[in-house]
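Geometric and topological summary
These are the residues of each chain, in order.
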Amino acid sequence: MEDVFIVRGGKPLKGEVQLSGAKNVALKVAIAALLFKEPVAFENIPAIKDVEELLHLMRSLGVATTFEHNKLTIDPSTLVHHHVDLLHGSKTRVSFLLFAPLLHKFGKSVIPNPGGCRIGARPIDRHIQMLESFGVEVKYDSNTGYYSATKADKLKAATFTFEKPTHTGTELAIMLAVLAQGVSIIKNAALEPEVDDLISFLNQAGARIVRNGSEITIEGVTRLVPSVNSYAIMYDQNEAVTYGVFALATRGDITVHGVKRGDITAFVDKVLEAGGGFEDLGESLRFFYEKPLTAVDIQTAVYPGFKTDWQSPWAVLMTQAQGTSIIHETVFEDRFGYVAELEKLGCRFEFFSPDSTFSRTSYQFNVPAHFDTKRQAIKIHGPSKLHNGVMQVRDLRAGATVLIAACTAQGESIINGASIIDRGYEHIEVKLQHVGADIARL
Ligand code: EPZ
């Protein structure tokens with residue numbers, strides 16, 4: 001396999017797409033299953049690379065897993081190792097969440113500095129502050145790149161406030177607190193719906209977790225018991241936004257099944273503001289081209305704002321809109337890796353420092369002293385008629401973005417790095433062929 005997609009673009013994509021299970025839930029509930037004593041079963045788990053990498057890592061710890069036809073079982077009783085090796089641990093950002101089950105089971109764990117997409121430094125300082133608030137001792141060996149964590153005896157409850165919200169940090173806190181002694185309170189917790197799916201999975205197994213806005217109260221229990229039915233995770237809202245943009249950018253018409261308007265309000269509002277066609281079908285949403293789009297500015301924010309995972313697909317859409325639009329990325333530094341790739345097809349971008357009224361402390365990442373904000377905002381000049389090109393995938397969402405651009409451009413484009421897109425999009429070329437795309441995987 002060449003790890004390449006070949007796309008002949010310029011055709012409106014029309015038809016229906018069934019969403020797959022949410023990547024950013026599947027990875028977490030699989031890890032949370034290791035908090036149990038007996039096998040746990042899940043449904044609607046997407047067959048994507050990030051899931052396969054995580055299961056590979058779990059098997060290296062001795063865990064027995066079965067995964068086929070989107071059904072996953074995890075047998076936590078076979079977990080025998082507390083040391084995550086660099087080969088497996090560095091391939092996925094979520095390896096760090098294994099601290100919770102490994103500490104609960106062994107009282108200690110060793111995990112390499114987490115990997116994941118190349119979108120900024122992605123430090124874990126907030127995770128470590130939270131771990132220490134639970135009485136966990138965390139050491140980092142800069143020679144080996146490993147973190148080691150140990151806890152004295154039974155984990156005690158804690159009250160912890162994140163200085164800035166962190167999605168996986170919130171999930172790690174929940175997995176620590178769920179079996180700790182006493183009542184824990186997590187403040188300034190992340191509000192993403194994926195966190196709530198993890199909470200509902202744990203609560204149906206006997207956990208006592210209550211969310212009150214950005215405050216989550218967790219009354220520790222002694223044991224989690226899987227329900228008789230396997231747990232079906234939610235659909236992927238990031239995938240829904242991606243296919244909504246495929247429809248609008250190619251002047252097509254796609255109905256996306258498995259998403260409600262309330263799930264992605266911030267995106268739908270911007271589509272309507274730009275003049276995109278939209279129909280609310282309840283558990284499905286229809287996106288269609290009905291008139292020339294107008295340029296609309298976005299500023300990413302933590303949920304329920306316009307999510308950072310949606311900004312790169314939005315960027316390629318705005319290259320087709322009339323006028324100049326702005327994207328200001330406030331969650332991650334360096335999340336414009338796609339710009340240079342899209343410029344190969346004739347897109348016109350311009351980096352600039354966002355308005356000085358935006359306080360640097362409002363960025364979600366830790367802002368270094370002499371941070372250049374010039375890489376945090378772009379102007380997008382449209383409309384641009386896109387031509388074909390050879391592009392490289394930089395990270396997961398940027399990969400979907402260059403795929404949208406290739407489907408929009410006239411002519412045959414080559415996309416190197418198909419496997420990076422496979423990390424988060426299940427059978428993407430099949431779903432696109434189903435709505436008329438001329439795409440092949442080599
Ligand atoms: C999760 O990443 C998602 N990944 C990301 O999706 C998503 O973009 C992000 O949340 C925001 O919603 C998974 O769930 C596996 P954060 P996460 O901790 O938890 C900084 C995708 O494409 N920060 O909320 O790593 C961090 O660098 C991926 O599916 C610290 O500085 O994101 C970032 O700038 C991409 N120190 C910001 O906070 C910390 O200790 C938000 O990060 C923790 C985070």
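Preceding this section is the structure that the text describes.
Residues numbered from 1 in each chain as written. Predicted model: local features only at pLDDT ≥ 70, side-chain atom pairs only at ≥ 80, totals over all residues. Heavy atoms only, no water.

**Overview of helix α12 (residues 396-408)**
The first and last C-alpha atoms of α12 sit 19 Å apart over 13 residues, in line with the 18 Å expected at 1.5 Å per residue. Among the 13 residues in α12, 13 count as buried, and that is most of the element. (Helix = DSSP H or I, 4+ residues; strand = E, 2+ residues; numbered from the N terminus. Expected span 1.5 Å × (residues − 1). Buried < 20%, exposed > 50% of the residue type's maximum accessible area, 1.4 Å probe, protein only.)

**Concerning the nonpolar core**
F42, I74, L131, L202 and L224 are the most contacted members of the largest nonpolar core, which has 76 residues in total. Top element by residues in this core is helix α1 (residues 23-32). It accounts for 7 residues. Counting residues in hydrophobic clusters, the runner-up holds 69 residues, among them L248, V271, L293 and I428. (Core = buried A, V, L, I, M, F, W, Y, C linked by side-chain atoms within 4.5 Å.)

**Some points on the packing of aromatic side chains**
Applying the stated criterion to the full structure yields 20 aromatic pairs. Of the aromatic side chains, those joined through ring pairs into one cluster are F267, F278, F287, F306, W310 and W314. R286 extends its terminal NZ or CZ atom over the ring of F288, reaching a point 3.8 Å from the ring centre. The ring of F352 carries the charged tip of K379 above its face, separated from the ring centre by 4.8 Å. (Phe/Tyr/Trp six-rings, centres within 6.5 Å; stacked < 30°, edge-to-face > 60°. Lys NZ or Arg CZ within 6 Å of the ring centre and 35° of its normal.)

**As for empty space enclosed by the protein**
According to the stated counting rule, one finds 3 cavities of 30 Å³ or more in the structure shown. The volume enclosed by the largest cavity comes to roughly 40 Å³. Along its surface, the largest cavity is lined by L248, A249, R251, Y289, L293 and Q320. Its residues assigned to classes, the lining of the largest cavity shows 4 nonpolar, 1 polar and 1 charged. (1 Å grid on protein atoms, 1.4 Å probe; cavity = no way out; pocket = protein on both sides within 12 Å on 5 of 7 lines; lining within 4 Å. Points joined across faces, edges and corners; volume = space filled by probe spheres on them. Nonpolar A, V, L, I, M, F, W, Y, C, P; charged D, E, K, R; others polar.)

**Some points on the pairing of strand β18 (residues 323-328)**
Every regular strand shows the same layout, with side chains that alternate between the two sheet faces. Pairing of strand β17 (residues 298-299) with β18, which is carried by 2 bridges, proceeds in the parallel orientation. Within β18, the position partnered with I298 by the bridge is I327. Once you follow β17 into helix α10 (residues 311-318) and on to β18, the crossover reads as right-handed. Where β18 lies against strand β20 (residues 377-382), 6 bridges are found, and the strand directions are antiparallel. Looking across to β20, one finds that G323 is bridged to G382. (Pairing = 2+ DSSP bridges. Right-handed = clockwise from strand over helix to strand, strands pointing away.)

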